[in-house]
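Listed here are the chains, written in short residue letters.
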Amino acid sequence: MTSVFSQQRLTYLGSLSAELSERGLAGRMVGGDDPVLWVWHPDSLRQTIVFATPAGDGWLFLWSPDGQENAEDFRRAADSIKRLLEDSAQPAEP
């Protein structure tokens, strides 16, 4: 049986996943009862894992490196993750 806590986490991650998909990124929920969202850029294959965790009086999305956003603002989080993975997709200049 899935706990209320797990259901909330799934809801936040599901909303973020839909927003990321609209921005051309791919994602997959992994982790069973403790889900996280695995996200990747389809061209560069750069990737990150997004966690949803309770914090204070709400929830946060956390991702590497140093990404953090209020889970209520999943559109802003999706924009930030897209920028991260797109920036990473750019080749470094010599």
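So, a few notes on the structure that sits alongside this text.

Calculation rules
Sequence order as written defines the numbering, with residues in each chain counted from 1. At least 70 in pLDDT is required for a residue's local features to be given in this predicted model, at least 80 for side-chain atom pairs to be given and counted, and no such filter applies to totals for whole chains, interfaces and linings, which use all residues. Note that water and hydrogens are dropped before the side-chain values are worked out from all heavy atoms of the structure. Strands here are runs of E lasting at least two residues and helices are runs of H or I lasting at least four, both read from the DSSP assignment and numbered beginning at the N terminus. Note on contacts: a residue pair is in contact if any heavy atoms of the two residues lie within 4.5 Å. Here a Phe, Tyr or Trp ring, Trp counted by its six-membered ring, pairs with any other such ring whose centre lies within 6.5 Å, and the pair is stacked when the planes are under 30 degrees apart, edge-to-face when over 60, and tilted otherwise. Between Lys or Arg on one side and Asp or Glu on the other, a salt bridge is scored when a side-chain nitrogen of the former is within 4 Å of a carboxyl oxygen of the latter. Working definition: with a 1.4 Å probe on protein chains only, accessible area under 20% of the residue-type maximum means buried, over 50% means exposed, and in between means partly exposed. Only strands joined by at least two bridges in the DSSP assignment are considered to pair.

## Digging into the environment of phenylalanine 74
Following the sequence through the fold, phenylalanine 74 ends up in helix H2 (residues 74–89). For the pair phenylalanine 74 and serine 17, spaced 57 residues apart in the sequence, the C-alpha separation amounts to 9.0 Å. Setting aside chain neighbours within four positions, we find phenylalanine 74 in contact with Ser15, Leu16, Glu19 and Phe61.

## What to know about the packing of aromatic side chains
Scanning the model with the defined rule gives three aromatic pairs in all. With centroids separated by 5.4 Å and ring planes inclined at 35°, the aromatic side chains of tyrosine 12 and tryptophan 59 adopt a geometry described as tilted. Here tryptophan 59 lies in strand S4 (residues 58–63) and tyrosine 12 lies in helix H1 (residues 4–22), a separation of 47 residues in the sequence. Cluster of aromatic residues (ring-pair linked, three or more members): Phe5, Tyr12 and Trp59.

## Some points on the pattern of salt bridges
Scanning the model with the defined rule gives six salt bridges in all. Among the ionic pairs, arginine 75 bridges to glutamate 19, the shortest N-O distance being 3.7 Å. Here the residue arginine 75 occupies a position in helix H2, and glutamate 19 occupies one in helix H1, the gap between them amounting to 56 residues. In this structure glutamate 19 comes out as buried when scored by relative accessible area, which is 8%. The residue glutamate 69 makes a salt bridge to arginine 76 at a minimum N-O spacing of 3.4 Å.

## Quick notes on the pairing of strand S5 (residues 67–70)
Of the two faces of S5, the one holding Gly67 and Glu69 is buried and the one holding Gln68 and Asn70 is not buried anywhere. In terms of strand pairing, S4 meets S5 through four bridges, oriented antiparallel. Bridging across to S5, tryptophan 63 finds its partner in glycine 67. Connecting S4 to the next strand, S5, in antiparallel fashion are three residues, including aspartate 66 with a positive phi near 65°.

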